[in-house]
Amino acid sequence: MNNSEQSIRKFNPGSFQSDEEVIEQFAVRRRELNMVLESLRGNIDSPLYEHVLVVAPRGQGKTMLLARVAAELNADEELSECLLPVRFMEESQEIFNIADFWLDTLFYLARESVRYDPDLARELRETHADLADRWREEALADRVFDTVLDAADRLGKKLVLMVENLQALCEDVDDDFGRQLRDALASEPRIMLLATATSRFEGLDDAKQPFFELFRIVDLEPLGTEECRRLWQVVSGDVVSEREIRPLEILTGGNPRLLVIVAGFAQHRSLRQLMEELVAMIDDHTEYFRGHLEVLGRVERRVYLALIDLWQPSSTGEIAARARMEVRPVSTMLGRLVSRGAVRFEGSGRKRLYSVAEPLYSIYYKLRRERAAATVVRNLIHFMVAFYGIGKLYQMFGQPSLESAIVREGIERALAGQPRSEDSFLRVAWSAVRYISDKAMANAQFAAELRLTEEIQTALKEQEFERVVEIGTHFMDSGGVDASLMPESLVAYILHIRAIAYEKLKDFEGVIGVGNEMAERFEDASDQTVLARMARVLIHGARAQRELGELGLAVSTYEELIARFGKREADDLQFPVALALFEKGDMQIQRGELGLAVSAYEEVIERFGSSDAPEVQVIVALALSQKGDVQIQLGELGLAVSAYEEVIERFGSSDAPDVQVLVAWVLSQKGMMQIKMGRAAEALRLCAELEERLGALADDEKVVFVWRARYVQALALLLKNRRRMAMDVFRSAYAVFVPNNEMMMSEMLQLVPDLIANGVLARDLVEILSGGKSDALVPLIVALRQRAGEVVRAPVEVLEVAADVNKRIEV
């Protein structure tokens, strides 16, 4: 995730921010902004003012909207000529009567006047201090009010009083406040009111109350999918699709403040990583979620907790039973919670069902109350990541943990290993130090170097990466040995190992720091071993930049490595150059540059296709496979099939386990392409060939490809209109289905709609899927049960995902 330079406020937006910052960061609520500005513009020349009340629960963007209105009144030439925004604090806790209200107006008016008339602003501050001391005077309110009007005349502007949380203010003031304020607003054309409230409080709809029909009401509804996407882009700097942002819309209930909080946690994480770590995010923000509960009254909170613990749309009676209360007071409290915007309902009368407006609060409470809930939440998140395709291209190509885990593990071992030249040198050198020369062992320098390597290797073996960093840093910085006497290759080794350790610790800034140190120390190096280490550290640096969301810098780092080492023929440099080209292609996919990614893979194949080095040949095979995968995304199915066939032709007879995994992958991918091209018979033939190769794979790898073979086989049988046989194969595929394997989950979510489209009954699929693995497929099973005609009760977020599943099935 990009680290956006903009500081988006979760609370008090607009405070200590310039108008330009507020305008730049205002990403949503444009329709409501125009509604408010329309009323204010209309008031300029109208004898009758239209005062405005913005109504929404906490966190829905009321304060940000007022800040944006104020910025517009200051920035727009026409509006600034006539109107002056006077913004109150979000909580007006010192207002108890009308005199207090006008004193606060005077205080904030003095602050807003500085930009137009500093002398007047100073005078108003002094007048405010003087009048505040006269609080015992009966005519204080009138004196302060007259001072405010006089200031408006001297400024030549009408005042727009921006008062937040009007409903809370009205609860704390004396009985005459509302009437006195309305009289002032009705009689005075120099003042208009723009207020906010968390709900449509009682006085708005009662003809006997002073605020009846005083306001134009502007409701702020929860953000829709497109608004969530735009806000996420402003907050995070990341461009995501509506499909990718949909899970966060569901989980936050479209609440802008919650979305900003989630985005803050997501810094230096992709959206995909964020979803995977959402449980940790909720735990990190315990105080925020707890505070949300603590603002509720005791009885209100009891009812709210009962509802979130039920974690599904529930009737008043069910909530009362869970709260251990009578129905009547529960009904009253639910009405209050609905007016706060904390709870929503559907239906009417006895069929009315209530649910929490923002599902994250239910998830927070369930996680705190029940340990088992964490598994339920993780299953839901895992399902959403697969269904909504979050980071799908990155998952498939940027870090494909599915089809080529073994391949990638082999690459990582090669990347962390010793260059060949260093390996042969060290075998002689360290043997000589250890066994041949007593004098050499007595030499402190050689002994220190030997201890260093032994300590580092021991720490690496135990995966004590903090210790690895500590050992290397201490050795180079302590002064215990003369650094000038250390071989350059040893220094390069230490830096390389530190980069690996920082990467394992997810300290990506540390990795980049090591890269900078390596470049500074060895700018003019010519030793092949040092250069090989440097190239490897550059790869780790580029990966760190990727993790920090700096994809452009990552591509540049790979290009720097390729330019510096690409023309050298040394075997030790072929591997990092090939890997840099390959991973550059990965980065270009993340940036949406699929054509450039294909070019990068083709360059790997062209430059290194004839290499004898096993680790380089693995990268060539992987490049061919990835090239085919990307060409699928480009719609170039024929070219993708050709790439897969080349993998099979060139590497099909290889005995290397990692290469065999790739061959199995491309066979299954080629089978999928046959399905897309309507060639059922060829797809079935490829399934048979794939199954013949499964014996060469380890058990955990074999399960993946048994699933893929049966998945393709089921689709091929559907193409041949053999529905019953396809269902039998589907049953056998489900037998090997691994719920936490995202590829399998994604393909399951593609296969089920295909089965439905070919006439398979939803209830038959529910019967198959409702086994021991059903916990991972809850939204899918709910969707199928709904299609079978059932009325299903489930958590709101599950119902929303299920609704999206059904939409996909119907397409």
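Residues numbered from 1 in each chain as written. Predicted model: local features only at pLDDT ≥ 70, side-chain atom pairs only at ≥ 80, totals over all residues. Heavy atoms only, no water.

### Some words on the side chain of His51
With respect to the secondary-structure elements, His51 resides in strand β1 (residues 51-55). Among the residues examined, His51 registers a relative accessible area of 3% and is labelled buried. Side-chain polar atoms of His51 contact the backbone nitrogen of Leu193, separated by 2.9 Å. Contact partners of His51, with chain neighbours within four places excluded, come to Leu185, Ile191, Met192, Leu193, Leu214, Phe215 and Arg216. (Helix = DSSP H or I, 4+ residues; strand = E, 2+ residues; numbered from the N terminus. Buried < 20%, exposed > 50% of the residue type's maximum accessible area, 1.4 Å probe, protein only. Polar contact = N/O pair within 3.5 Å; in protein donor to acceptor, adjacent residues only side chain to side chain. Contact = heavy atoms within 4.5 Å.)

### So, the packing of aromatic side chains
In the structure shown here, the tally under the stated rule is 14 aromatic pairs. The interplanar angle of 45° and the centroid separation of 5.3 Å between the aromatic rings of Phe582 and Tyr601 together place this pair among those described as tilted. With Phe582 in helix α31 (residues 571-590) and Tyr601 in helix α32 (residues 594-608), this residue pair connects regions lying 19 residues apart in the sequence. Assigned by exposure class, Phe582 and Tyr601 land together as buried. Judged by centre distance (6.1 Å) and plane angle (10°), the rings of Trp707 and Tyr711 are stacked. A residue pair is termed a helical-turn pair when its members lie 3 or 4 positions apart in one helix, as Trp707 and Tyr711 do in helix α37 (residues 699-719) at four residues. There is no split in this pair, since Trp707 and Tyr711 are both buried. An aromatic cluster is present here, built from Phe88, Phe101, Trp102, Phe107, Tyr108, Phe145 and Phe177 joined pairwise through their rings. Directly above the aromatic system of Tyr116 lies the positively charged group of Lys157, at a separation of 4.5 Å from the ring centroid. Positioned above the aromatic ring of Tyr734 is the side chain of Lys773, whose terminal nitrogen or guanidinium carbon lies 5.2 Å from the ring centre. (Phe/Tyr/Trp six-rings, centres within 6.5 Å; stacked < 30°, edge-to-face > 60°. Lys NZ or Arg CZ within 6 Å of the ring centre and 35° of its normal.)

### Some thoughts on the packing of helix α11 (residues 242-252) against helix α19 (residues 359-369)
Relative to each other, α11 and α19 sit at 75°, their axes nearing to 5 Å. Between α11 and α19, the angle falls in the class roughly perpendicular. Between α11 and α19, the contacting residues are Ile250, Leu251 and Thr252 on the first element and Pro359, Leu360 and Ile363 on the second. Among the residues making up the contact of α11 with α19, the classes are represented as five nonpolar, one polar and no charged. (Axes fitted to C-alpha atoms, helices over the stretch in contact; angles between N-to-C directions. Parallel < 35°, antiparallel > 145°, perpendicular 65-115°, else oblique. Nonpolar A, V, L, I, M, F, W, Y, C, P; charged D, E, K, R; others polar.)

### A look at the packing of helix α5 (residues 98-113) against helix α9 (residues 177-187)
Look at α5 against α9: their axes get within 9 Å of each other, and the N-to-C directions meet at 50°. It follows that α5 is oblique to α9 by the angle criterion. Residue-level inspection shows Ile98, Phe101 and Trp102 of α5 in contact with α9, the latter providing Phe177, Gln180, Leu181 and Ala184. Of the residues contributing to the contact of α5 with α9, the split by class is six nonpolar, one polar and no charged.

### Regarding the sheet that holds strand β4 (residues 191-197)
Spatial strand order, β2-β3-β4-β1-β5: five strands in an open sheet with parallel pairing. The open sheet terminates on both sides in strands that have one partner only, identified here as β2 (83-87) and β5 (215-219). Recorded for the sheet is a direction-independent mean angle of 20° between the axes of neighbouring strands. Two strands pair when backbone bridges link them, and β1 and β5 are joined in this way by five bridges, in the parallel orientation. Each bridged residue has a counterpart across the sheet, and for Val54 the counterpart in β5 is Val218. Helix α2 (residues 30-44) contacts β1, β2, β3 (158-163), β4 and β5 of the sheet and is inclined by roughly 165° relative to β5. (Pairing = 2+ DSSP bridges.)

### Re the pairing of β4
Burial within β4 is extensive, with seven of its seven residues counted as buried. Residues Ile191, Leu193, Ala195 and Ala197 line one face of β4 and the alternating positions Met192, Leu194 and Thr196 line the opposite face, and both faces are buried. Pairing between β1 and β4: four bridges, direction parallel. Bridging from a neighbouring strand, Leu53 pairs with Ala195 of β4. Sheet topology note: the β3/β4 ladder contains five bridges and is parallel. Bridged to Val160 within β4 is Met192.

### A short note on unusual backbone geometry
Of note in the backbone geometry, Glu213 takes a positive phi value of approximately 55° without being a glycine. Structurally, the position occupied by Glu213 is in the loop between β4 and β5. Overall, Glu213 belongs to the exposed group, its relative accessible area being 63%. Phi is positive for Trp311, which is not a glycine, with a value near 55°. Structurally, the position occupied by Trp311 is in the loop between α16 (298-310) and α17 (316-323). By relative accessible area, Trp311 is classed as buried at 11%.

### Brief notes about the pattern of salt bridges
Going through the model one piece at a time under the given rule, you end up with 42 salt bridges. Between Arg68 and Glu72 there is a salt bridge, with the nearest N and O atoms lying 2.8 Å from each other. Placement of both Arg68 and Glu72 in helix α3 (residues 62-75) is noted, with a separation of four residues, approximately one turn of the helix. Among the salt bridges present, the one from Arg787 reaches Glu810, with a minimum N-O distance of 3.4 Å. Taken as a pair, Arg787 in helix α41 (residues 778-787) and Glu810 in helix α42 (residues 796-810) lie far apart in primary sequence, 23 residues in all. Each of Arg246, Glu249, Arg344, Glu800, Asp804 and Lys807 takes part in salt bridges that share partners, so that together they form one network. (Salt bridge = Lys/Arg side-chain N within 4 Å of Asp/Glu carboxyl O.)

### Describing the nonpolar core
Across soluble globular proteins, nonpolar side chains have a tendency to be buried as a group. Ranked by internal contacts, the top residues of the largest apolar core, which has 213 residues, are Tyr304, Leu360, Met748, Leu777, Leu780 and Leu784. Top contributing element to this core by residue count: α37, with 12 residues. Residues within four places of Leu777 in sequence aside, it is in contact with Phe383, Tyr734, Phe737, Met745, Met748 and Leu769. Among the nonpolar cores identified, the runner-up in size contains 46 residues, and Ala99, Leu131, Ala151 and Leu161 belong to it. (Core = buried A, V, L, I, M, F, W, Y, C linked by side-chain atoms within 4.5 Å.)

### Section: the confidence of the model for the protein chain
On average, residues of the protein chain carry a pLDDT of 84, and 89% of them reach 70 or more. Taken as a whole, residues 392-404 scores under 50 in pLDDT and shows 42 contacts with residues more than four places along the chain or in a different chain. (pLDDT = per-residue confidence, 0-100.)

### Quick look at the pairing of strand β7 (residues 353-356)
What you see with β7 is no split at all: Leu353 and Ser355 on one side and Tyr354 and Val356 on the other are buried throughout. Examined bridge by bridge, strand β6 (residues 343-346) and β7 share four bridges and lie antiparallel to one another. Counted as the bridge partner of Arg344 is Ser355 from β7. Count of turn residues in the β6/β7 antiparallel hairpin: six residues, of which Gly347 carries a positive phi of about 85°.

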